[in-house]
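Chains, contacts and geometry: an overview
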Amino acid sequence: MSHAVSPRLIETVVRKTLREAKDSPERSLRNLVDLARYFSASPAQQRFFDCAHQLLRDEHSPYYPLIRDLLSHVEEERLISFGMALGYNSCVAGSRTRRALADQGMRVPWFLTLQTLPGRTEPYQALVRQGRELGIYTYALLPREAPWELLPLVDQNRDCAFILFCCPEDMTTPFLEEAESLTNLVLAVRCQEEAETACQRLRERNFLYALYTLYGEERDLPAEEFFCWAEHLHAPLALFLPRPDCPTASLQRCYQQVDEVRRCQPFRTIPWDFLQDGLTVDRMIGGGVEPVWFNREGFLCSIPHEQALSHHTLFDRTLEELFRESVSRAN
């Protein structure tokens, strides 16, 4: 049974829990999970929080020192703003809009991944504005270069959660100073040799950040080695991004490793697979829509494939038109 509750009340409870967690993360985190279980809107959500509750029964869980580290080195407002945009706007308020659209025959995913081109910010501003109207409040941004050009996009959509994928060399002082006020932003740093210096800069400035890796080719970093790096660099999130046209066997193998690590908890980091975990969340909130992405040419594609779902691009059609065209082609 679901229980309606206002976003203001949720934010108040989360703020109180975070402050109490500085003294007792174990009790506070379990109480927060119990509260989430109570307000679960579907059996799938209930099962998820039941699993989380079971994991947190282990007093030696690495998630507890992870929470302590987060509270000590990440600005509280970042945790609140990003968490509310992701947890409430995307998964609660946004899901109501998406379910209403599904009843009208248009299926909309809960998040979008965008490969972006430098010097073309206006089309992406329009896309996010249209996305919010369709109930999409979470965006992963993959710029070819100049990630700082996308910071105004994040600033002008404070009710959305953004993950901006960057190279370690992008973490310059001017870039971080410009990004400092954007509490709805997670900076994802690619796992390369220079990532240690980049993550140290983010940690010193109290950013919420992630480490990410690509998978799908033999030369890609093994999952266990990547988890070790994420823990070493104090990255609370370890993100796995499939390469375009990643083989099905690689998708399955990676997700199996991610899921095993999440259940066994050997590392102080939270693993997330963009394809499989994204679909799992969509099923939990009543969607079941395959994750999609826009390539640099602006074509809507399914993850991880490059085959376009529409004949048109985001540069010449609205997001709603592209979704409706993709549904008609699928049928």
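Residues numbered from 1 in each chain as written. Predicted model: local features only at pLDDT ≥ 70, side-chain atom pairs only at ≥ 80, totals over all residues. Heavy atoms only, no water.

Turning our eyes to something else, we now look at the overall build of the chain. Counting its secondary structure elements, the chain contains 13 helices and 10 strands. Its C-alpha radius of gyration of 19 Å places the chain within 12% of the 20 Å reference for a compact globule of 331 residues. When the backbone C-alpha atoms are referred to their principal axes, the chain occupies close to 55 × 50 × 40 Å. Residues classed as buried in the chain amount to 50% of the 331 residues present. A separation threshold of at least 6 residues defines the contact pool for the chain, and within that pool the share at least 24 residues apart is 64%. Carbon and sulfur atoms make up 50% of the accessible area of the chain, which totals about 15900 Å². Each charge sign in the chain was given a centre, from 36 positive and 47 negative side chains, and these centres are 6 Å apart. (Helix = DSSP H or I, 4+ residues; strand = E, 2+ residues; numbered from the N terminus. Rg over C-alpha atoms; globule rule 2.2 N^0.38 Å. Buried < 20%, exposed > 50% of the residue type's maximum accessible area, 1.4 Å probe, protein only. Contact = heavy atoms within 4.5 Å. Areas by Shrake-Rupley, 256 points an atom, 1.4 Å probe, with all protein chains shown as cover. Lys, Arg positive; Asp, Glu negative; His and termini not counted. Charge placed at Lys NZ, Arg CZ, Asp CG, Glu CD.)

Another aspect to go through is empty space enclosed by the protein. Scanning the model with the defined rule gives two cavities of 30 Å³ or more in all. In terms of residue class, the lining of the largest cavity is made up of six nonpolar, two polar and two charged. In this structure, the second largest cavity is lined by Thr116, Leu117, Pro118, Thr121, Pro143, Glu145, Ala146, Glu149 and Leu150. Across the lining of the second largest cavity, the residue classes tally to five nonpolar, two polar and two charged. (1 Å grid on protein atoms, 1.4 Å probe; cavity = no way out; pocket = protein on both sides within 12 Å on 5 of 7 lines; lining within 4 Å. Points joined across faces, edges and corners; volume = space filled by probe spheres on them. Nonpolar A, V, L, I, M, F, W, Y, C, P; charged D, E, K, R; others polar.)

Once that is clear, we can look at the pattern of salt bridges. A side chain of one charge can pair with a side chain of the opposite charge if their charged atoms are brought near each other. Enumeration according to the criterion identifies 15 salt bridges in this entry. Residues Glu217 and Arg243 are paired through a salt bridge, measuring 3.9 Å at the closest nitrogen-oxygen approach. Pair noted here: Glu217 is in the loop between β5 (209-215) and α10 (223-232) and Arg243 is in the loop between β6 (237-242) and α11 (248-264), with a separation of 26 residues, a long-range link. For Arg243, a relative accessible area of 12% translates into the label buried. Between Arg262 and Asp259 there is a salt bridge whose closest N-O contact spans 3.7 Å. Taken together, the positions of Arg262 and Asp259, both in helix α11 and three residues apart, correspond to about one turn of that helix. According to the relative accessible area criterion, Arg262 is buried, its value standing at 17%. Residue classification places Asp259 among the partly exposed residues on the basis of a relative accessible area of 21%. Several salt bridges share partner residues, and in doing so they unite Glu11, Arg15, Glu76 and Glu77 into one network. (Salt bridge = Lys/Arg side-chain N within 4 Å of Asp/Glu carboxyl O.)

A few words now on the layout of surface pockets. A volume near 570 Å³ is recorded for the second largest pocket. Of all the elements in the fold, those that place two or more residues in the lining of the second largest pocket are β1 (111-116), β2 (138-143), β3 (161-166), β5 and β6. Grouping the amino acids of the lining of the second largest pocket by side-chain chemistry returns 16 nonpolar, three polar and nine charged.

Between Ile303 and Pro304 the backbone carries a cis peptide bond, its omega angle lying at 5°. Structurally, the position occupied by Pro304 is in the loop between β9 (299-302) and β10 (308-313). Phi at Ala146 is positive, roughly 50°, even though this residue is not glycine. Within the secondary structure, Ala146 sits in the loop between β2 and α7 (151-155). Given the relative accessible area of 12%, Ala146 is considered buried.

Another point: the side chain of Asp273. The residue Asp273 is located in strand β7 (residues 270-273) in this model. With no salt bridge to any partner, buried Asp273 finds its closest opposite charge in Arg262, at an N-O distance of 7.9 Å. From its side chain, Asp273 meets the backbone nitrogen of Leu275 in a polar contact 3.1 Å long. When near neighbours in sequence (up to four residues on either side) are disregarded, Asp273 contacts Tyr215, Phe240, Cys254, Tyr255, Val258 and Gly278. (Polar contact = N/O pair within 3.5 Å; in protein donor to acceptor, adjacent residues only side chain to side chain.)

This part takes up α10. Here α10 has its buried residues at Ala223, Phe226, Phe227 and Ala230. Viewed along the axis of α10, the buried residues span an arc of 100°, placing them on a single side of the element. The inward-facing, buried residues of α10 abut β5, β6, α11 and β7. Directly after α10, the chain includes His234, whose backbone phi takes a positive value near 60°. (Arc of directions from axis to C-beta.)

Among the six residues of strand β4 (residues 185-190), five are classified as buried, and the element is accordingly described as predominantly covered. Judged from the five bridges that link them, β3 and β4 form a sheet pairing that is parallel. Its bridge partner lying in β4, Leu164 is registered against Leu187. With respect to chirality, the unit in which β3 leads through helix α8 (residues 173-179) into the neighbouring parallel β4 is right-handed. By the bridge criterion, four bridges tie β4 to β5 in an arrangement that is parallel. Within the sheet, the bridge partner assigned to Ala188 lies in β5 and is Ala210. (Pairing = 2+ DSSP bridges. Right-handed = clockwise from strand over helix to strand, strands pointing away.)

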